[in-house]
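# Inside the fold
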Amino acid sequence: MKLRNFALAASLAAIGLSSALTAHAQAKEQFFPVLVYRTGAYGPNGTPWANGYVDYLKLVNARGGINGVKISFEECEFGYATDRGVECYERLKGKHGGGTVFQPLSTGVTFALTEKAAVDKIPLITAGYGRSESQNGAVFNWNFPLLGTYWVGADVAIQHIAKKEGGLDNLKGKKIALVYHDSPYGKEPIALLEERARMHGFNLQLLPVAHPGVEQKATWLQIRQNRPDYVLLWGWGVMNSTSIKEAQATGYPREKMYGIWWAGAEPDVKDVGEGAKGYNALTLQHGAEPNSKVVKDVLALLHGKGQGTGPKEEVGQVLYMRGLISAMLGVEGVAKAQERYGKGKVMTGEQVRWGLENLDLDQKKLDGMGFAGVMRPVQTSCLDHMGSSWVRVHTWDGGKWNFSSDWYQADEKVIRPMVMLTSGKYAEEKKITPRTPEQCKQ
Amino acid sequence: MIYRENGQFKTSYKTDQQIFPIFQDRWTILALIAFAFVGVPMLADEYLFKAILIPFLILSLAALGVNLLVGYCGQITLGAGAFMAIGAYAAYNFAIRVDGMPLIAALLLGGCTSALVGIVFGVPSLRVRGLYLAIATLAAQFFWDWAFLRIKWFTNHSPSGSVSISNLDVFGWRISTPVDKYLLCLVILVVFALLAKNMVRGAIGRQWMAIRDMDVAAEVIGIRPMYAKLSAFAVSSFFVGVAGALWGFVHLGSWEPAAFSIDRSFQLLFMVIIGGLGSIMGSFFGAAFIIVLPIFLNQFLPWLGSLVGLSISVATVSHFEFMIFGALIVFFLIVEPHGLARLWSTGKEKLRLWPFPH
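Residues numbered from 1 in each chain as written. Chains lettered and ligands numbered in written order. Predicted model: local features only at pLDDT ≥ 70, side-chain atom pairs only at ≥ 80, totals over all residues.

Here the focus is the overall build of chain B. Scanning chain B from terminus to terminus reveals 14 helices and four strands. By principal-axis analysis of the C-alpha atoms, chain B measures approximately 70 × 65 × 45 Å. Put simply, chain B has 358 residues, and 45% of those count as buried. Considering only residue pairs separated by 6 or more positions, chain B has 76% of its internal contacts joining residues 24 or more positions apart. (Helix = DSSP H or I, 4+ residues; strand = E, 2+ residues; numbered from the N terminus. Buried ≥ 20, exposed ≤ 12 C-beta atoms within 10 Å, placed from the backbone. Contact = placed C-beta atoms within 7 Å.)

The following block contains the structure:
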């Protein structure tokens, strides 16, 4: 009897699965798959990003679509786990006529998808994260680390510190510690920092923190003993607020701490409040932008009509803006592709790749879309998939983030040779022939 | 009525000692394998291959390995993830450092390395047992997690610590499409499952089971505990290591130590416990339960919601997924503490009597 019920339940479930798996064909809609993590250890940071991403897609639809082409989207929750992220990718890539572009917001998933995306011919945008060497579009045809990479962030961090010290020569003998999430994400900047340490003679200390980063007593004990002049923080999620609390407990000045943009948002500092006052973070382009026009549009067109995603207060926060701008870059890639392959048509992944490779967002266009004061121009090419390396520093004043520096640009002379070297090694390992400038013109 | 062995007389030792002495079992299994080789590639789509079938096959292999050690020899291990990692990283190093290393050789060498390390970490089992041994194997997990994160040589000095492998081929057969990958995993799994089944029926398997049931008594009747325990560690680590190499090479393509974290070790142990300790079939059931069920729930719940006109957010679905999954584990452990494999054999018992149960 029990067995029969079990068999019955199993077959019912199988029927459910097969119908759940059947994709519903929808014509004339540009499908944006959305990989999100609203749960798990990194959920508090993943949620605003996802809300911003989805809100922008909704905003484009509210404004009439991309030249009349409406956007459809579907979320898939992966909880920052690489294997589930890959499963989500496989699930969504073929739905509704094929995914336009994937943005995983996870360095681990980016690594896992880099080869799969090339086979499936779907571009991978990693706005501000991912593999640093993938800015070389000749080797990484399908990766787009738009708005800068970790190497850009690390490079500007050193430039900013040098400025404070009165020049790069004054860095000699200084101690800089990198407190990093012990994963490919946290390890990315090490290569660049080592290069810079060699150039300027500062002493680099590497202090790894194990996932998820709530246990940092030993790390901060080392900082207390060694007293580094500056601390760079490459953390994510709960690790960031823990670091700042530990700094407070150790008495390490927060003014001397610089986080990458993953460690420079409201969830990281809010709980610490006053204790985080003076803490700095590098913003790859934008910070918190509650006064920008695009935010006002979102509030008016979506939240005003009860169609917004997530709480209203979140609109304009750092991670929300990151999601919103990430979506904008994907949408602009589609718009650019339409200029070549036919306006008002649904673009394939391959066509979108061309669009992303020829992205030309000048200041006028950005201002027109409501990003005045938020972003500086982004211009990509076949060989440069990054498009911009503008960075500002912002500082937490106990209640909100304020910009505390001018615009910086990463030093091409330092980064370019490293990019060429690492991507060349990758091409050799994978037996990829880099594209020549002639092939790019096609 | 259909499943009844009446009239199947064994007239020689050979027929009596074959793997599946019952005619119906033999043909069911053969039909199942034939279906897996011929039918599945025709029916399944890419998503099913990449997201469900390939992970299922590879983790079944790993669960099989863990089952040999935990289920048959009674040595609890919490280091299975580490041995997967050793298999993957060893195979990776063999593949990139030795020119022209064939894929199968790299996989097997990865397994052998893992077996050697398994023997070393099996040594404590000669002195401690039960929960204490579990802690000792936990040391393997932490040590190798640390080693693959910190020792740059293992990852070929890759700046991010993530390694990747591509261009797989076996004797000129390019493994590129999901079907190729599936078939490769399936071939390896079938061969290894056959090996395992024969091993546990043979002398060595009987030694393991004797050690599991009572090691003092086993020693009295002339079984050397050192040999039995260490061989169990070696064989188990070999299986797990090959599975780890496949996981890295075939399923992920590029990986980092987090792919083989402590969670993976627990996952494998749960597979074995839920599937059935000391049962080859149970390893497959356990792997299917742990791999397929969460993904199934994740897609089934929104569909169920849409039936009654509810749209459930992905975050809620994911919370429900954890709750239902946890509840089901508890349910199965209460209803069938001997695992899903026991459910299977109960089913067979019932079939024998059907349609006239007494």
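Right, let's talk about the overall build of chain A for a bit. Helix and strand counts for chain A come out as 15 helices and 14 strands. The C-alpha atoms of chain A give 22 Å as radius of gyration, which agrees with the globular expectation for 442 residues (22 Å, within 12%). Taking the principal axes of its C-alpha atoms as reference, chain A extends roughly 65 × 65 × 50 Å. Within chain A, contacts between residues separated by at least 24 positions form 70% of all contacts whose residues are at least 6 apart in sequence. (Rg over C-alpha atoms; globule rule 2.2 N^0.38 Å.)

In this model, helix α2 (residues 23–43) of chain B (21 residues) spans 28 Å end to end at C-alpha, consistent with the 30 Å of a helix rising 1.5 Å per residue. The largest bend along α2(B) reaches roughly 40° and is located at B:Ala36. (Expected span 1.5 Å × (residues − 1). Bend = angle between axes of the 7 residues up to and from the residue.)

It is worth spelling out the pairing of strand β5 (residues 175–181) of chain A at this point. Residues and elements named next belong to chain A. The buried fraction of β5 is high, at six of seven residues. Pairing of β5 with strand β6 (residues 203–209) involves seven bridges; the strand directions are parallel. Its bridge partner lying in β6, Leu178 is registered against Leu206. For the segment spanning β5, helix α6 (residues 184–200) and β6, crossover handedness is right-handed. With five bridges joining them, β5 and strand β7 (residues 230–234) adopt parallel strand pairing. The residue of β7 that forms the bridge with Val179 is Leu233. (Pairing = 2+ DSSP bridges. Right-handed = clockwise from strand over helix to strand, strands pointing away.)

Once that is clear, we can look at the environment of B:Gly87. Residues and elements named next belong to chain B. Residue position: Gly87 is located in helix α4 (residues 80–97). Separated by 218 residues in the primary sequence, Gly87 and Gly305 place their C-alpha atoms 42 Å from one another. If we skip the residues at most four places from it in the chain, Gly87 touches Gly110, Gly111, Ser114, Val240, Gly241, Val242, Ala243, Gly244 and Ala245.

The relative placement of two packed helices comes down to the angle between their axes together with the axis-to-axis distance. All names here are of chain B. Following both chains from N to C, one finds helix α12 (residues 280–307) and helix α13 (residues 314–335) inclined at 130°, their axes separated by 9 Å at the closest point. Judged on the interaxial angle alone, α13 and α12 are oblique. Like other packed secondary-structure pairs, α12 and α13 cross with a definite hand, here right-handed. From α12, Leu293, Pro294, Leu297, Asn298, Leu301 and Pro302 reach across to α13, where they touch Val317, Phe320, Glu321, Ile324 and Phe325. Looking at the contact of α12 with α13, its residues break down into nine nonpolar, one polar and one charged. (Axes fitted to C-alpha atoms, helices over the stretch in contact; angles between N-to-C directions. Parallel < 35°, antiparallel > 145°, perpendicular 65-115°, else oblique. Left-handed = near helix turned anticlockwise from the far one by under 90°. Nonpolar A, V, L, I, M, F, W, Y, C, P; charged D, E, K, R; others polar.)

Let's shift gears to the packing of α4(B) against helix α6 (residues 131–150) of chain B. Residues and elements named next belong to chain B. At their nearest, the axes of α4 and α6 sit 8 Å apart, and the two run at 35° to each other. In terms of crossing hand, the pair formed by α4 and α6 is left-handed. Contacts between α4 and α6 involve Gly81, Ala82, Ala85, Ile86 and Tyr89 on the former and, on the latter, Ala140, Gln141, Trp144, Asp145 and Phe148. Its residues assigned to classes, the contact of α4 with α6 comprises seven nonpolar, two polar and one charged.

The next subject is the nonpolar core. By size, the foremost hydrophobic cluster in this structure holds 226 residues, and its most contacted members are B:Ala62 and B:Leu246. When residues of this core are assigned to domains, at least three map to each of domain 1 (26–149 + 289–388 + 421–440) and domain 2 (150–284 + 393–417) of chain A. The contacts of B:Leu246, once residues within four sequence positions are left out, are B:Ile58, B:Leu107, B:Cys185, B:Ile188 and B:His251. (Core = buried A, V, L, I, M, F, W, Y, C linked by C-beta atoms within 7 Å. Domains from an automatic or database assignment.)

How big an interface is tends to be expressed through the accessible area that disappears when the partners come together. Taken together, the contacts link 30 residues of chain B with 35 residues of chain A. Listing elements by their share of the side of chain B that touches chain A, those giving two or more residues are α3 (46–72), α12, α13 and α14 (340–353) of chain B. The element contributing the most residues to the side of chain B that touches chain A is α12(B), with six residues. Taken together, the residues that form the side of chain B that touches chain A break down as 15 nonpolar, twelve polar and three charged.

Residues and elements named next belong to chain A. According to the domain assignment, chain A consists of domain 1 (26–149 + 289–388 + 421–440) and domain 2 (150–284 + 393–417). Centre-to-centre separation of domain 1 and domain 2, based on C-alpha positions: 26 Å. Opposite the 18 residues of domain 1 that make contact, domain 2 presents 21 residues.

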